[in-house]
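What follows is the residue order along each chain.
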Amino acid sequence: MRHLLQRHPLPMRTSFAHSLVLTYALPPELLTPMVPPGLALDTYRDPSGTEHGFVAAAVVDTRAMRPSFLPAALGRDFILTGYRIFTRFSTPGGRTMRGLRILRSDTDQRMMVHGGNLFSRYNYRLARIGTRMVGRTLEFKVVSADGMADLHVRADLTDTPAPLPDGSPFASAKDARRYAGPLPYTFEYEPQTRTVIVVKATRTQWDPVPVAVDVPTLTFFDHGPFAGTEPVLANAFHVGDLEYGWERGCRRALDGGAL
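Residues numbered from 1 in each chain as written. Predicted model: local features only at pLDDT ≥ 70, side-chain atom pairs only at ≥ 80, totals over all residues. Heavy atoms only, no water.

1. What to know about the layout of surface pockets
Link 1 in the chain: Estimated volume of the largest pocket: approximately 810 Å³.
Link 2 in the chain: The wall of the largest pocket is formed by 42 residues, among which M65, M112, Y122, Y124 and W246 lie closest to the centre.
Link 3 in the chain: Mapped by element, the contributors of at least two residues to the lining of the largest pocket are β1 (12–26), β4 (51–67), β5 (76–90), β6 (96–107), α3 (110–119), β10 (185–190), β11 (195–203) and β15 (242–246).
Link 4 in the chain: Examining the composition of the lining of the largest pocket, we find that seven residues originate from one element, β4, more than from any other.
Link 5 in the chain: In terms of residue class, the lining of the largest pocket is built from 28 nonpolar, ten polar and four charged.
Link 6 in the chain: Lining the second largest pocket we find L103, R104, N123, R125, D146, M148, F220, H223, G224, P225 and F226.
Link 7 in the chain: Taken together, the residues of the lining of the second largest pocket sort by class into five nonpolar, three polar and three charged. (1 Å grid on protein atoms, 1.4 Å probe; cavity = no way out; pocket = protein on both sides within 12 Å on 5 of 7 lines; lining within 4 Å. Points joined across faces, edges and corners; volume = space filled by probe spheres on them. Helix = DSSP H or I, 4+ residues; strand = E, 2+ residues; numbered from the N terminus. Nonpolar A, V, L, I, M, F, W, Y, C, P; charged D, E, K, R; others polar.)

2. Quick notes on the side chain of D61
Link 1 in the chain: Relative to the assigned elements, D61 resides in strand β4.
Link 2 in the chain: In terms of polar contacts, D61 uses its side chain to reach the side chain of R63, at 3.0 Å.
Link 3 in the chain: In this structure D61 touches S15, F16, A17, H18, F78, I79, T131 and F140, once residues within four positions along its chain are discounted. (Polar contact = N/O pair within 3.5 Å; in protein donor to acceptor, adjacent residues only side chain to side chain. Contact = heavy atoms within 4.5 Å.)

3. Quick look at the pattern of salt bridges
Link 1 in the chain: Under the definition given, this model contains 13 salt bridges.
Link 2 in the chain: Between D214 and R154 there is a salt bridge, and its shortest N-O distance comes to 2.5 Å. In this pair, D214 sits in strand β13 (residues 212–218) while R154 sits in strand β9 (residues 151–156), placing the two residues 60 residues apart along the sequence.
Link 3 in the chain: On the basis of relative accessible area, D214 is assigned to the partly exposed category, the value being 37%.
Link 4 in the chain: Several salt bridges share partner residues, and in doing so they unite R104, D106, R125 and D146 into one network. (Salt bridge = Lys/Arg side-chain N within 4 Å of Asp/Glu carboxyl O. Buried < 20%, exposed > 50% of the residue type's maximum accessible area, 1.4 Å probe, protein only.)

4. Re the pairing of β9
Link 1 in the chain: As defined by bridge partners, strand β8 (residues 137–144) adjoins β9 across six bridges and the pair is classed as antiparallel. Looking across to β9, one finds that V142 is bridged to L151.
Link 2 in the chain: Hairpin connection between β8 and β9: a loop of six residues separates the two successive antiparallel strands, and G147 in this loop has a positive phi of roughly 75 degrees.
Link 3 in the chain: Pairing of β9 with β13, which is carried by five bridges, proceeds in the antiparallel orientation. Considered in β13, the bridge of A155 is made with V213. (Pairing = 2+ DSSP bridges.)

5. With respect to unusual backbone geometry
Link 1 in the chain: You will see that H8, though not glycine, has its phi angle at about 55 degrees, which is positive.
Link 2 in the chain: For H8, the location among the structural elements is in the loop between α1 (2–5) and β1.
Link 3 in the chain: A relative accessible area of 11% means that H8 is categorised as buried.
Link 4 in the chain: A positive phi is found at N123, a non-glycine position, where the angle reads about 60 degrees.
Link 5 in the chain: Take N123: it is sitting in the loop between α3 and β7 (124–134).

6. Points about the environment of V232
Link 1 in the chain: Residue position: V232 is located in strand β14 (residues 232–239).
Link 2 in the chain: Classification of V232 as partly exposed rests on a relative accessible area of 31%.
Link 3 in the chain: Placed 63 residues apart in sequence, V232 and P169 show a C-alpha to C-alpha distance of 8.4 Å.
Link 4 in the chain: Once you skip the residues sitting within four places of it in the chain, V232 turns out to touch T23, Y24, A25, G167 and S168.

7. Quick look at the pairing of β15
Link 1 in the chain: By the criterion of burial, β15 is predominantly enclosed, with four of the five residues buried.
Link 2 in the chain: When β1 meets β15, the two strands line up antiparallel, connected through five bridges. Paired with M12 across the two strands is W246, which belongs to β15.
Link 3 in the chain: The pairing of β11 with β15 spans three bridges and is antiparallel. Counterpart to R203 in the pairing with β15 is Y244.

The quantities given are spatial measurements derived from coordinates; they are silent on function.
Okay, here's the thing in structure tokens:
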């Protein structure tokens, strides 16, 4: 009955020292098979008429993460990395919820691996993760245990907001901002009950800033269904010094109806 625990039963609170999200454009036909029942790929049509799907690669430096009923002094600091597909979930009343579907997560501490996998389906794995700030350059380096989620990224926080990356499919910075994760919701499919677990985020002072990035290493797209593809960096956003949290997960039918 482990799946009953994995429904995000605890509301959580933390603060983000830094959140850096890189969004990559990929063909929808590649990503659609990775989207579980009940969800749909959240796509964007560029000025030429070409449609794109998106995967976010995120690194978050969290502080004092804990269940929301505990004081910050009892929280723990973690660095989290994750790869998520941008998806949509429609309700019977016609509302569209935009959110992320998790593919893989890594963290720098065993406590988060065990706790995160006990209470969610985020698929946490242990990795060596380093971060530093040199001047106004934020740097993360992730060495995954299996080599399939290594990441080395440097973000220039000086000249902001930065222009869109070369080759980005977005027509404007306004369009790109709609795909600046994390989004308001995270979705997980529960195969045991054929339902969707919806987790709503809470945040303050949400003002992601476009940044220029250098990405010497990103191995996630070298393996599995992504092998041989050519992901295009569509945007990169940074946000820092904000309060963030997650509500308890709620279960919904595949048609979006509440249970």
